[in-house]
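Next come the chains, spelled out residue by residue.
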Amino acid sequence: MFGSAGYPGSKMAMGAYQAIINQIPKCKVFVELFAGSAAVSSKLSMSPGFIVVLNDIDYEISQSLLLSVPAGITVYNKDYRDIIKAFDVLDNVVFFADPPYEMSVRSSQRKYYRYDFETSDTLDFISSMSAVSNKVIITHYPCDLYNTSFESWRKVDYESMTRSGLRLERMYMNYEASMLQCCDYVGNDYTDRQRLLRKAIRWKRKLSMLPANEQQYIVKYMSMPSETVDDIYLTPGFYS
Ligand SMILES: C[S@@+](CC[C@H](N)C(=O)[O-])C[C@H]1O[C@@H](n2cnc3c(N)ncnc32)[C@H](O)[C@@H]1O
């Protein structure tokens, strides 16, 4: 189940999960409010201190997730509003919401989920998400209701393969672009990532030609945040 491409609306489609992961800022807790198969979380690389929380209101879905997620990922079976209430009191949380899309923009115009959305649920959802204090990423097909409701939010489009072919989807985000939680999918597509990988290999080869202690110094310097690097650069006597 975890990461299954067969789930309706799964973000496992080529291009979808990569585009979303490329917008997830560094955080302590990543919460998928409408997990389904949780394709995005299944592709996120885990690191110490990073917590992933999955939630789906459908009991069967949450049970299948529970049986298939690796240790360390927590699964809930609640309404998304209860999860927001519980986690929005913490700092450094990113809420990812891939809700059932508005019926009027679905290609098939039919229900996909045991717990689906009516327009009144979409309106509730919009006001709940607008009130969140932490960072939020919402995915949906571009539509007037979302565009006006999240007018001031940042928007990034991507293409996703759906049952009825390639469709344009949009991410709505209440924060500016920043350092990523996971940079494994940086680049526009596979070819672009290959170009980046070749560059990284070239730089690594060059570095490996230096004496070991110089390599260590450069790696330490490169991994410092730029503010710290500026501080060091401006420290009187640094070069003495
Ligand atoms: C678009 S699908 C999510 C697909 C998912 N991103 C993936 O990669 O598979 C929406 C999910 O929201 C769940 N859902 C519907 N209403 C909900 C609610 N009120 N609270 C939490 N989950 C809900 C549905 O059971 C469904 O699994």
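Scroll up a little and you will see the structure.
Residues numbered from 1 in each chain as written. Predicted model: local features only at pLDDT ≥ 70, side-chain atom pairs only at ≥ 80, totals over all residues.

A.B. asks: Please provide a residue-by-residue account of the overall build of the protein chain, values included.
C.D. replies: Along the backbone of the protein chain there are nine helices and seven strands. Projected onto its principal axes, the C-alpha positions of the protein chain cover 70 × 40 × 35 Å. Counting only residues that meet the buried cut, the protein chain has 27% of its 240 residues in that class. (Helix = DSSP H or I, 4+ residues; strand = E, 2+ residues; numbered from the N terminus. Buried ≥ 20, exposed ≤ 12 C-beta atoms within 10 Å, placed from the backbone.)

A.B. asks: Could you give me a rundown of the site of the ligand, with the residues and numbers involved?
C.D. replies: Lining the immediate environment of the ligand, one finds 21 residues, of which Gly-9, Phe-34, Gly-36, Ser-37 and Ala-39 sit closest. By residue class, the composition of the shell around the ligand is eleven nonpolar, five polar and five charged. (Near = placed C-beta within 6 Å. Nonpolar A, V, L, I, M, F, W, Y, C, P; charged D, E, K, R; others polar.)

A.B. asks: Please provide a residue-by-residue account of the sheet that holds strand S2 (residues 51–55), values included.
C.D. replies: Taken together, the seven strands give an open sheet; going across it, the order is S3-S2-S1-S4-S5-S7-S6, and neighbouring strands pair in mixed fashion. Bordering the open sheet on either side are strand S3 (73–76) and strand S6 (154–162), each of which pairs with just one other strand. Within the sheet, the average angular offset between the axes of one strand and its neighbour, ignoring direction, is 20 degrees. Looking at chain direction, S6 and strand S7 (residues 165–173) are connected through nine bridges and run antiparallel. In the sheet register, Val-156 faces S7, and the bridge partner there is Met-171. (Pairing = 2+ DSSP bridges. Axes fitted to C-alpha atoms, helices over the stretch in contact; angles between N-to-C directions.)

A.B. asks: Go over unusual backbone geometry, please, and point to the residues and values.
C.D. replies: Even without being a glycine, Ala-38 presents a positive backbone phi close to 55 degrees. The residue Ala-38 is located in the loop between strand S1 (29–32) and helix H2 (39–43) in this model. Here the phi dihedral of Asn-92 falls at roughly 65 degrees; this positive angle occurs in a residue that is not glycine. Among the secondary structure elements, Asn-92 is positioned in the loop between helix H4 (80–87) and strand S4 (93–97).

A.B. asks: Give me the lowdown on the pairing of S3, citing residues and values where you can.
C.D. replies: Where a strand is regular, its side chains alternate between the two sheet faces. Relative to S3, S2 runs parallel, the two being bridged by four bridges. Counterpart to Leu-54 in the pairing with S3 is Val-75. Between the parallel elements S2 and S3, the chain passes through helix H3 (residues 59–68) in a crossover that is right-handed. (Right-handed = clockwise from strand over helix to strand, strands pointing away.)

A.B. asks: How would you sum up the environment of Met-12? Please name residues and give values.
C.D. replies: Looking at the secondary structure, you find Met-12 in the segment before helix H1 (16–21). In this structure Met-12 comes out as partly exposed when scored by C-beta crowding, with 19 C-beta atoms within 10 Å. A C-alpha to C-alpha distance of 7.2 Å links Met-12 and Val-40, two positions 28 residues apart in sequence. With residues near it in sequence (within four places) discarded, Met-12 still touches Gly-3, Ala-5, Tyr-17, Ser-37 and Ala-39. (Contact = placed C-beta atoms within 7 Å.)

A.B. asks: Tell me about the nonpolar core, and name the residues and values.
C.D. replies: If you look at the biggest cluster of nonpolar residues, it comprises 43 residues, and the most contacted ones within it are Val-31, Leu-54, Phe-95 and Phe-96. Sequence-distant contacts of Val-31, that is, excluding residues within four places in its chain, are made with Val-53, Ile-83, Phe-87, Val-93, Phe-95 and Phe-96. (Core = buried A, V, L, I, M, F, W, Y, C linked by C-beta atoms within 7 Å.)

A.B. asks: Quick rundown of the pairing of S1? Include the residues and the values.
C.D. replies: Where S1 and S2 come together, four bridges link them in parallel fashion. Opposite Phe-30, over in S2, you have Val-52 as the bridge partner. Sheet topology note: the S1/S4 ladder contains four bridges and is parallel. Its bridge partner being in S4, Phe-30 is matched across the sheet by Val-94.

A.B. asks: Tell me about the environment of Leu-90, and please be specific about residues and values.
C.D. replies: On the secondary structure map, Leu-90 appears in the loop between H4 and S4. Given 13 C-beta atoms within a 10 Å radius, Leu-90 is considered partly exposed. Placed 134 residues apart in sequence, Leu-90 and Met-224 show a C-alpha to C-alpha distance of 26 Å.

Read these as geometric descriptors, not functional statements.
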